[in-house]
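Below are the chains, spelled out letter by letter.
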Amino acid sequence: MRSGYELLTKAVSGVLRHASVDVLPPFVRTLGLPQSELIAMLECCRPYEAYVPISELKYAVVVGTVPPLFHEVVAHLMASRTPEADAQHVNWLARAIAAASLGNRMLWQDLGLAGRHEVAALMKLYFQPLFQRNVTDLKWKRFIFRELGDKLGRHDMHPPGCHRCAQYRKCFETGRLAPPAASAAKRAVAA
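Think of each chain on its own: its residues are numbered from 1, step by step along the sequence as written. With pLDDT at 70 or above as the cut-off, local features in this predicted model cover only qualifying residues; side-chain atom pairs require 80 or more to be listed or tallied, and sums for whole chains, interfaces and linings still use all residues. In computing side-chain values, all of the structure's heavy atoms are included and hydrogens and water are not.

### Remarks on the overall build of the chain
The criterion, for reference: Each helix is a run of H or I in the DSSP string that is no shorter than four residues. Each strand is a run of E no shorter than two, and both are numbered from the N terminus. A 1.4 Å probe rolled over the protein chains alone gives each residue an accessible area, and that area as a share of the maximum for its type sets the label: buried under 20%, exposed over 50%, partly exposed in between. Any two residues whose heavy atoms approach within 4.5 Å at even a single point are treated as in contact. The Shrake-Rupley method, run with a 1.4 Å probe, gives the accessible areas here. Residue values count only the displayed protein chains as cover.
In terms of regular secondary structure, the chain is built from eleven helices and zero strands. Secondary structure elements of the chain, listed N to C terminal, follow the sequence α-α-α-α-α-α-α-α-α-α-α. Going through the 191 residues of the chain one by one, you find that 47% of them count as buried. Counting only contacts in the chain whose residues sit at least 6 apart along the sequence, the fraction spanning at least 24 positions is 64%. Of the roughly 9,700 Å² of accessible surface on the chain, 59% is carried by carbon and sulfur atoms.

Shown next as structure tokens:
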């Protein structure tokens with residue numbers, strides 16, 4: 001298994017690579033960061049690749065296309081960060097996960113990871129409270145959006161693009177769709 005930092009840089013690089021070939025929306029190329037912060041992140045996560053800055057005006061236009069849902073997912077992830085983890089690394093990863101979660105494929109695919117096990121390893125290291133709450137082992141994109149939907153009072157919230165996935169029925173089958181509080185109440189009544 002790779003180290004947490006290696007997985008983090010792999011995920012950040014994967015998301016940026018997928019944005020550069022239009023698998024993910026153009027705003028993902030910025031991860032919603034000011035250009036100076038993006039450059040600092042790239043120097044850390046992708047030191048082997050040169051980044052040519054673009055004009056601040058053009059950059060601002062791209063950042064202006066960041067959907068509000070992206071910021072909501074980032075904030076939700078940051079609220080569940082592992083306290084001991086490097087705050088800057090957690091922020092970068094939260095942005096990469098939020099960007100990938102807006103894609104049309106499985107989260108691990110849009111992150112450029114080898115599988116769901118690598119997403120779980122990142123969640124455990126960088127978002128431990130969130131990792132611990134996923135007691136039913138839902139797929140991570142589904143779980144993040146279920147929690148965010150509960151927080152926003154939108155219990156029917158689904159990740160964008162999920163309806164196109166071949167595993168849609170498996171993720172959203174009866175019983176797995178109910179919010180955690182409703183599932184717990186249902187178990188208590190059954191007992």
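### Digging into the confidence of the model for the chain
The condition that has to hold: Within a predicted model, pLDDT stands for the predictor's per-residue confidence, ranging from 0 to 100.
This prediction gives the chain a mean pLDDT of 87; 83% of its residues lie at or above 70. By mean pLDDT, helix α11 (residues 180-190) is the weakest element of the chain at 41, and helix α8 (residues 128-133) is the strongest at 98. Taken as a whole, residues 174-191 scores under 50 in pLDDT and shows 19 contacts with residues more than four places along the chain or in a different chain.

### Digging into helix α1 (residues 4-20)
Rules: Any helix carries an expected span of 1.5 Å times its number of residues minus one.
Look at α1: 24 Å from first C-alpha to last across 17 residues, which is about the 24 Å you get at 1.5 Å a residue. Most of α1 sits inside the fold, with 13 of its 17 residues counted as buried.

### Some thoughts on the nonpolar core
Let me state the cut-off plainly: Side-chain atoms within 4.5 Å are what join buried Ala, Val, Leu, Ile, Met, Phe, Trp, Tyr and Cys residues into a set we call a nonpolar core.
Core analysis: the largest hydrophobic core is formed by 51 residues, its most contacted members being Val12, Val15, Leu31, Met41, Ile97, Leu111 and Phe127. Counting residues per element, the ones that place at least two in this core are α1, α2 (35-45), α4 (68-78), α5 (87-101), α6 (107-111), α7 (116-126) and α9 (140-152). The greatest single-element share of this core, amounting to nine residues, is contributed by α5. If near-sequence neighbours (up to four positions away) are discounted, Leu31 is found in contact with Val12, Val15, Leu16, Met41, Phe70, Arg95, Ala96 and Ala99.

### So, the environment of Met123
Its place among the elements puts Met123 in helix α7. Those residues in contact with Met123 that lie beyond four places of it in its chain are Ile97, Gln128, Leu130, Phe131, Trp140 and Ile144.

### Remarks on the pattern of salt bridges
Put simply, the test is: For this document, the term salt bridge refers to a Lys or Arg side-chain nitrogen within 4 Å of an Asp or Glu carboxyl oxygen.
Tallied over the full model, the rule gives six salt bridges. Here Asp137 ties to Arg116 by a salt bridge, and the two come within 3.2 Å at their closest N and O atoms. Within this pair, whereas Asp137 is found in the loop between α8 and α9, its partner Arg116 is found in helix α7, the two being separated by 21 residues in sequence. The partly exposed category is assigned to Arg116, whose relative accessible area is 27%.

### Regarding the packing of α1 against α7
What counts, and what does not: All axes here are fitted lines through C-alpha atoms, helices being fitted over the stretch that makes contact, and every angle between N-to-C directions spans 0 to 180 degrees. Working rule for handedness: look at the near helix, and if it is turned counterclockwise from the far one by less than a right angle, call the crossing left-handed; if clockwise, right-handed. Each residue receives one of three labels: charged for Asp, Glu, Lys and Arg, nonpolar for Ala, Val, Leu, Ile, Met, Phe, Trp, Tyr, Cys and Pro, and polar for the others, Gly being one of them.
Contact geometry of α1 with α7 gives a least axis separation of 10 Å together with a crossing angle of 115°. With respect to the hand of their crossing, α1 and α7 are arranged in left-handed fashion. Across the interface between the two elements, Gly4, Tyr5, Leu7, Leu8, Lys10 and Ala11 of α1 pack against Glu118, Ala121, Leu122, Leu125 and Tyr126 of α7. A breakdown of the residues in the contact of α1 with α7 according to their chemical character gives eight nonpolar, one polar and two charged.

### What to know about the packing of aromatic side chains
Note the following rule: Stacked, edge-to-face and tilted are the three classes for Phe, Tyr and Trp ring pairs, Trp counted by its six-membered ring, which pair at centre distances within 6.5 Å; planes under 30 degrees apart are stacked, over 60 edge-to-face, the rest tilted.
The full count for this structure, using the stated rule, is three aromatic pairs. Centre to centre, the rings of Phe27 and Phe70 are 5.4 Å apart; their planes meet at 75°, and the pair counts as edge-to-face. With Phe27 in the loop between α1 and α2 and Phe70 in helix α4, this residue pair connects regions lying 43 residues apart in the sequence. Each member of the pair, Phe27 as well as Phe70, carries the same accessibility label: buried. A centroid spacing of 5.9 Å and a plane angle of 90° characterise the contact between Trp140 and Phe143, whose relative ring orientation is edge-to-face. Of this pair, Trp140 and Phe143 are both found in helix α9, three residues apart, which corresponds to roughly one turn of the helix. Neither residue differs from the other here; Trp140 and Phe143 are each classed as buried.

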